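Secondary and tertiary structure notes
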Amino acid sequence: MGQQARMIEFSGVNKWFGPLHVLQDISLTVGKGEVVVVCGPSGSGKSTLIRCVNGLEPFEKGRLVVDGTDLSNRRALRALRMEVGFVFQSFNLYPHKTALENVTLAPIHVRGLSRAEAEARGRALLEKVGLGDRMGNYPHQLSGGQQQRVAIARSLCMQPKVMLFDEPTSALDPEMINEVLDVMVGLAREGMTMMVVTHEMGFARKVADRVIFMDHGAIVETAPPETFFTAPVHARTRDFLGKILHH
Amino acid sequence: MFWFYAERILGYWPVLLKGLGMTLGLSLLSLLIGAAIGFAFGIIRAGGNRWLSRALGIYIDLFRGTPFLVQVFIVFFILPAAGIELSAFAAGVVALSNLAACFIGEIVAAGLKAVPQGQREAALASGMTPAQQMRLVLMPQALRIVTPSLVGQFVLLIKDSSVVSAIGLLDLTRAGWMIVQSVPQGLMVFGTVGLGYFLICYPLIHLSRRLERRGQDALL
Ligand SMILES: Nc1ncnc2c1ncn2[C@@H]1O[C@H](COP(=O)(O)OP(=O)(O)OP(=O)(O)O)[C@@H](O)[C@H]1O
Ligand SMILES: [Mg+2]
């Protein structure tokens, strides 16, 4: 991979929560336009891993470079966060703002767009995620699936270079999962660089370039989806796949 | 008999009006100053700097845990010994603003702490500065939660202001003391004074209740 093509580069990253070694020697490179799916049992450190990428979690040892910015440079963090979208499991929409206001808030105040520009961009994105008729609604007036689509549009409105997703569909009722996954598949096909923590293996099969399996804070296995699902090398991966694919 | 005294009390209307004006002015001015400082207190108390927050917590508890009358005396009688000479009005405003700031600070801090952590994270992840996170995301939500309590606090402030009559300010309570010298009908005189306070406070109590109901609807 050439120097320009690297978007996220972990080298020997270690993190502790007190005595708990939550990230152990993580080395991982995500190229521009690549889609990486991260899976693993609860508590294995998946959230912590992607939260490091936009500096939501600090780490003690190692190096992490995102879009050319070294994360140890805390002063560059804010500028970096403008380029990295983050979608949370629990949506975290601003309850006191309408869907459109949620989407335009950061572009106006952080990017410095005019209200008109931001709204034009925001409207287009809400249309794109299928919520053209919901712009004036407050989050509590929307279903979970709709809220998560607004949250994705909110991140996209900053025109980020990387999108991070932390279990974006696991708080949703089953019938709403696909409407969110469809948006994410579209995004992946447009060439967005994505790191996605999810157990939706259908999504991984469709668009992932690589699937990563984590356990106890370490990356156990990394493989393209075909290999990952049909011929996993490690027993722990097989074990895990057995558990999640059988229901 | 009743009407006789009632007329005499109302004959003192200029004093009563002046007292009412003083009570209102003192309360309003102290509310404005106290709110400005109180919001800053609240942000510090709910903020990340543990030592600053703790130190401020002790300061606030000190004033929440001592009688207001004592605080007024300290400002008015003891500060001059340290070379800070204040008029009775200034001393009243200082003591009352400080008390208001302490209570408002704790209310605002509670509101900020009640905003889910995910809200700050979402704002942070979008590249907002700490000030923007506070102004655009956290404070508006905290305000929604605490507005009824803040209005309720204003009611307490108006009532607490009666204590400053002890250092000679002609507020509504002191007007009562003056009138009762020549109209020896304590019940009627202070009934009138009480009515004055009630007339100011009742709309606020009402407002607080309405906001509380609306808040519950909005937080669905
Ligand atoms: N702020 C924290 N303080 C202490 N321990 C934490 C903290 N956050 C997470 N942990 C612990 O670190 C470990 C990894 O947590 P993490 O949230 O990254 O796991 P995860 O793989 O995302 O799990 P899940 O699938 O349940 O979301 C867990 O054991 C968790 O209890
Ligand atoms: Mg997680």
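Predicted, not measured: the structure shown is a model, and the values here were computed from it.

Analysis parameters
For every chain, the first residue of its written sequence is number 1, and the numbers climb from 1 along that sequence. Here chains are named by letter from A upward and ligands by number from 1 upward, in the order in which they appear as written. Per-residue local features of the predicted model are confined to residues with pLDDT of at least 70, and side-chain atom pairs are confined, for both listing and counting, to 80 or more; whole-chain, interface and lining totals are unaffected and use all residues. Only hydrogens and water are removed before side-chain values are computed, so all heavy atoms of the structure are retained for them. By definition here, a salt bridge exists when the distance from a side-chain nitrogen of Lys or Arg to a carboxyl oxygen of Asp or Glu is within 4 Å. Here a helix means four or more residues in a row that DSSP labels H or I, a strand means two or more in a row labelled E, and each is numbered from the N terminus. Think of it in three bands: residues with accessible area under 20% of the maximum for their type are buried, residues over 50% are exposed, and the middle band is partly exposed, with areas taken using a 1.4 Å probe on protein chains only. The criterion used for residue contact is that any of the two residues' heavy atoms lie within 4.5 Å. By convention, the term buried area covers the 1.4 Å-probe accessible surface removed from two parts as they join, with the contributions of both added. As used in this structure description, the phrase polar contact means that two N or O atoms lie within 3.5 Å; if the pair is within protein, one of them must be able to donate a hydrogen and the other to accept it, and residues adjacent in sequence are counted only when both atoms belong to side chains. UniProt positions are given in the numbering used here, feature names are shortened, and annotations may be inferred rather than shown by experiment.

**Quick look at the pattern of salt bridges**
Applying the stated criterion across every chain yields a total of 14 salt bridges over all chains. A salt bridge links Arg51 of chain A to Glu121 of chain B; the nearest nitrogen and oxygen atoms lie 2.8 Å apart. A residue pair is termed interchain when its members come from two chains, as with Arg51 of chain A in helix H1 (residues 46–53) and Glu121 of chain B in helix H6 (residues 117–125). Grouping residues by exposure puts Arg51 of chain A and Glu121 of chain B together as buried. The partner of Arg111 of chain A in a salt bridge is Glu83 of chain A, and the shortest N-O contact between them spans 3.2 Å. Note that Arg111 of chain A is positioned in helix H3 (residues 99–111) and Glu83 of chain A in helix H2 (residues 77–83), a separation of 28 residues in sequence.

**Some points on the interface of chain A and chain B**
Counting residues at the interface gives 21 residues for chain A and 20 residues for chain B. Taken together, both faces of the contact between chain A and chain B bury some 1,700 Å²; the carbon and sulfur share is 59%. Between chain A and chain B we count one salt bridge in total. In this assembly, chain A and chain B are joined by seven residue pairs in polar contact (both at pLDDT 80 or more). Broken down by element, the residue count for the side of chain A that touches chain B peaks at four residues, all from H3 of chain A.

**Considering the UniProt feature "domain: ABC transmembrane type-1" (unreviewed entry) in chain B**
UniProt records the feature "domain: ABC transmembrane type-1" (unreviewed entry) at residues 20–208 of chain B, using the numbering of this structure. In residues 20–208 of chain B, the share of helix is 81% and the share of strand is 0%. The end C-alpha atoms are 22 Å apart.

**Thoughts on the UniProt feature "transmembrane region" (unreviewed entry) in chain B**
Mapped onto this structure's residue numbering, the UniProt feature "transmembrane region" (unreviewed entry) falls at residues 20–44, 56–82, 88–115, 136–158 and 178–205 of chain B. Between the first and last C-alpha atoms of residues 136–158 of chain B the distance is 31 Å; the span itself is 100% helix and 0% strand.

**Side note on the environment of Arg134 of chain A**
Relative to the helices and strands, Arg134 of chain A resides in the loop between helix H4 (115–128) and helix H5 (144–156). Considered as a pair, Arg134 of chain A and Thr98 of chain A are 36 residues apart in the sequence and their alpha carbons are 8.9 Å apart.

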